[in-house]
Structure formats: structure tokens, C-alpha cells
Amino acid sequence: SEMCIRDSTGRVHPGETNSSYAVQGFLKKLVSGSKESNFLLDRYDFYVYPMINPDGVRFGNYRCNLAGQDMNRNWKCENNSFFPELLTICLLYTSPSPRDS
């Protein structure tokens, strides 16, 4: 049967540091081996992106990437040189799942 994909993202806006902790807690629970996590892992493929905007984090931007663009407003998945991170994530969704091999 076809798997559903669930994704989790963090640090799209570099200044939102709380998302790093939220993703960390999510991952700890997901790999904990609990009955709930096993239930989820048996039914879903999870793509987790803990930090989508590492350049913005490194250089102290609050909302923008190095191109000065707000990545969270540009999920159109077009071939845009301002958002290579978002384009890469979008391309992953069109690729076969590792479970398909």
C-alpha cells in the first residue's frame, strides 16, 4: 500500500529558535520505540527538516535568507535561485520513497 508522507520543518525564520527545540522533541519521541511512535513509523514516511534556513541562522537574520527573502512566503517550488533550499525539499516530494526500492 502507498505510504503517506508527513513532514516537519524548523527554522524557516532564523529568529524562531523555539522551533529547534520543538523539532528535537518531535524526533526524540519519533525514535523512542514507544507504541505510539512505532504505530506512526509503520504507517507514514517522515521527512524532517530541522533547519531550513541555516545561512539566515548563521548570519543573524530574523526572517530572511541570505538573499533577503522571506522563505516562508515562497513555497511555490519554482526553479528560483533565491530559494535553493525550498526547491530541494519540493524535489524530494517528487522522488520515489526509499520504501519503494
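Definitions and limits used
- Residues numbered from 1 in each chain as written.
- Predicted model: local features only at pLDDT ≥ 70, side-chain atom pairs only at ≥ 80, totals over all residues.
- Heavy atoms only, no water.
- Helix = DSSP H or I, 4+ residues; strand = E, 2+ residues; numbered from the N terminus.
- Salt bridge = Lys/Arg side-chain N within 4 Å of Asp/Glu carboxyl O.
- Buried < 20%, exposed > 50% of the residue type's maximum accessible area, 1.4 Å probe, protein only.
- Lys, Arg positive; Asp, Glu negative; His and termini not counted.
- Polar contact = N/O pair within 3.5 Å; in protein donor to acceptor, adjacent residues only side chain to side chain.

Visitor: Describe the environment of tyrosine 47, naming the residues involved and giving the relevant values.
Guide: Its location among the elements puts tyrosine 47 in strand β2 (residues 44–49). In the structure, tyrosine 47 is positioned 46 residues away from tyrosine 93 in sequence and 9.3 Å away in space, judged by C-alpha atoms.

Visitor: Now, about the pattern of salt bridges: what can you tell me, with residues and values included?
Guide: Oppositely charged side chains are able to pair whenever their charged atoms sit close together. Following the criterion strictly, the structure yields two salt bridges and no others. In this structure, the salt-bridge partner of glutamate 36 is lysine 29, at a minimum N-O distance of 3.8 Å. The class of glutamate 36 is partly exposed, set by a relative accessible area of 47%. On the accessibility criterion, lysine 29 (45% relative accessible area) is partly exposed. Here arginine 63 ties to aspartate 70 by a salt bridge, and the two come within 3.3 Å at their closest N and O atoms. A relative accessible area of 16% places aspartate 70 in the buried class.

Visitor: Describe the side chain of arginine 11, listing the residues and the values that go with them.
Guide: Mapping arginine 11 onto the fold places it in the loop between β1 (4–9) and α1 (18–30). Buried charge without a partner: arginine 11 forms no salt bridge, and the closest opposite charge is glutamate 16, 7.5 Å away. A polar atom in the side chain of arginine 11 sits 2.8 Å from the backbone oxygen of proline 14.

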